[in-house]
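Observations on the three-dimensional arrangement
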Amino acid sequence: MDYYLKKQKFLCIIVCVFQALSFTMNACIQFLLMKIFDSAAQMNFNLVLFWCCIDIFGWGLYLLFSVLADRIQAKAIWALNNDVRKNIYDSILRQNYKQYHKNDIGEYLSWVTNDIKQIEQLAWIPFFSGVGRVTQVIVSIISLAFLHWSLVLFALLSAFLMWSIPNLFHKKIEKLGKNCSQEQSVAISQLKDLFLGMDTLKTFGRGEKFLGKSESISDNIERPNYILNATKANTEGIVGFVNVTLQVVSMLLIVLLVMQGKVMLGVLASGTNLIGGVSNGLSGISNTHLSLIAARPYFEKLSNLNTDGEHKSNKILSTFKKKISVTNVSFNYREKTVLKNISFVFEKGKKYALIGPSGCGKSTFLKILLGWLPDYTGNIYFDDTDIRIVAPEQIQQQIGYVDQNVFLFNTTIRENITLGGRFTEEQIKKAVKDSALEYDISSMPNGMDTIVGENGNKISGGQKQRIAIARALIYNRSILLIDEGTSALDEKNAERIEKCLLENPRLTLILVSHHLTEARKRQFDEVYKLDTP
């Protein structure tokens, strides 16, 4: 938490300054009320009118400072939330392929939505409130010191009680805060899964399952939050009752001091409020303390996420010059052997096909080459460099990859090809031409600016694959891996794209396919076959 507050130090300081000014003005208003009360007791209407005018001016300043504090606080919370999200995004980006896919997408969404909202409610808002409460306590104590020492002593006793009571609930609220974070993440993951399966449920007439399950998940999202808030409410109720009791006792103390002539009669008007300012301030600080305890698990989750990133290597992978050597590589998914002692050589500029039945490890092998699955045995060298000693990003700067399950962003065809990179119109047109997309784009009303929909649901499977191929071509990687990248294309477009790839002398091509005809096999420099282990 301290890390984020330091990042937004300037805004936080400004909020604290205006919080301090507003509570200082509140204490001044209490003194003005005393003056009004004493002037009324003296039957001096002109003096009452004078102090009332000053009081109105004081209230104006108080409200001005409060509004400014609230507005700047809202700006600070905006910035703090964005800082937390950026930290989450950076941490996720640092994860390797295996670490990233260890968590469900719904859990990541929960981190940047639900967890951020919980941090705002349990940390940022209470923190700024707590700063104001500290000011309230300090100013109230100083004000009471001008009236009588016994009032300060009683206020400090009240403060001690108001601080001690919430500590009795410390561990319970911390545990509930942790449970709330965990249970809501699980529930949101389940909800995402349910939405993804909507079409399947409808197809088999199981819409009632969606309704029933969604209601259950909704309860699972709200229940832990309710339990946490209910426990906090119970604690705050106990604190509140003690607070009211102390205020009544403080009023009796002031009456006694007035009767003894030790303080002015006007202290009756605001003395209780000043003592209440100490006890209320400490009550607010206690509630802030409880909220920060409840928020701790969320920050601990972020801290743990930061330590999960992949190891960064300083080794620079030289530009690919000669060959990729694969020697006795094996790979297991848990107990299942997917690849066993395979050995291949891929020379620069040559074209290779990788064939074999489903489940023989073709896709897995490509992911190993990309550096996504480092837990293999055997050796893989890019020229003379073992890929184990370089970061996956170094490898991916030289390799393009077209997955068999193409993913497209819900944006334009242009954005899906360039991914925000800067390319000339000539480069874009060439990538479109070489991926056989020209005719399709020319027939679309918005051309390259056509929105493809969520994961490309507004275009065909063949168009999705060609966009993915255009994306790989425009980034001009020296090595291109294609995993069934033309399976959804008609024969004419598939041959056109493959011809373009096969005739590129600078490109090292590794194409995965379940089956190739003898005629197509002859187009490759080498065809490697994988068998099921």
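Residues numbered from 1 in each chain as written. Predicted model: local features only at pLDDT ≥ 70, side-chain atom pairs only at ≥ 80, totals over all residues. Heavy atoms only, no water.

Thoughts on the environment of Y89
Tracing the backbone through its elements, the reader meets Y89 in helix α3 (residues 45-94). Distance in space between the C-alpha atoms of Y89 and K175 is 27 Å, their sequence separation being 86 residues. (Helix = DSSP H or I, 4+ residues; strand = E, 2+ residues; numbered from the N terminus.)

Topic: the sheet that holds strand β9 (residues 526-529)
What the five strands build is an open sheet, ordered β6-β7-β8-β3-β9; its pairing is parallel. Single-partner strands in this sheet number two, and they are β6 (399-402) and β9. Across the sheet, the axes of successive neighbouring strands diverge by a mean angle of 15°, strand direction being ignored. The pairing of β6 with strand β7 (residues 479-483) spans four bridges and is parallel. Across the sheet, residue Y401 finds its bridge partner in β7, namely L481. (Pairing = 2+ DSSP bridges. Axes fitted to C-alpha atoms, helices over the stretch in contact; angles between N-to-C directions.)

Examining the side chain of S39
Along the chain, the position of S39 falls in helix α2 (residues 9-41). Not counting residues within four places of it along the chain, the set of residues in contact with S39 comprises N44, L47, V48 and W51. (Contact = heavy atoms within 4.5 Å.)

A word on the packing of aromatic side chains
All told, the structure shown has 19 aromatic pairs when counted by the stated rule. Between the aromatic rings of F18 and F65, the centroid separation amounts to 6.2 Å while the plane-to-plane angle is 40°, which identifies the pairing as tilted. Separated by 47 residues along the polypeptide, F18 in helix α2 and F65 in helix α3 bring together distant segments of the chain. Residue classification places F65 among the buried residues on the basis of a relative accessible area of 15%. Residues F346 and Y528 carry aromatic rings whose centres are separated by 5.6 Å and whose planes lie at 85° to one another, so their mutual orientation is edge-to-face. One end of the pair, F346, is in strand β2 (residues 336-347); the other, Y528, is in strand β9, and 182 residues separate them in sequence. Taking relative accessible area as the criterion, F346 reaches 1% and is therefore assigned buried. Taking relative accessible area as the criterion, Y528 reaches 16% and is therefore assigned buried. An aromatic cluster of three or more residues is present, and its members are F344, F346, Y352, F365 and Y528. The ring of W78 carries K75 above its face, with NZ or CZ at 4.5 Å from the centroid. Against the face of Y376 rests R388, its NZ or CZ located 4.1 Å from the ring centre. (Phe/Tyr/Trp six-rings, centres within 6.5 Å; stacked < 30°, edge-to-face > 60°. Buried < 20%, exposed > 50% of the residue type's maximum accessible area, 1.4 Å probe, protein only. Lys NZ or Arg CZ within 6 Å of the ring centre and 35° of its normal.)

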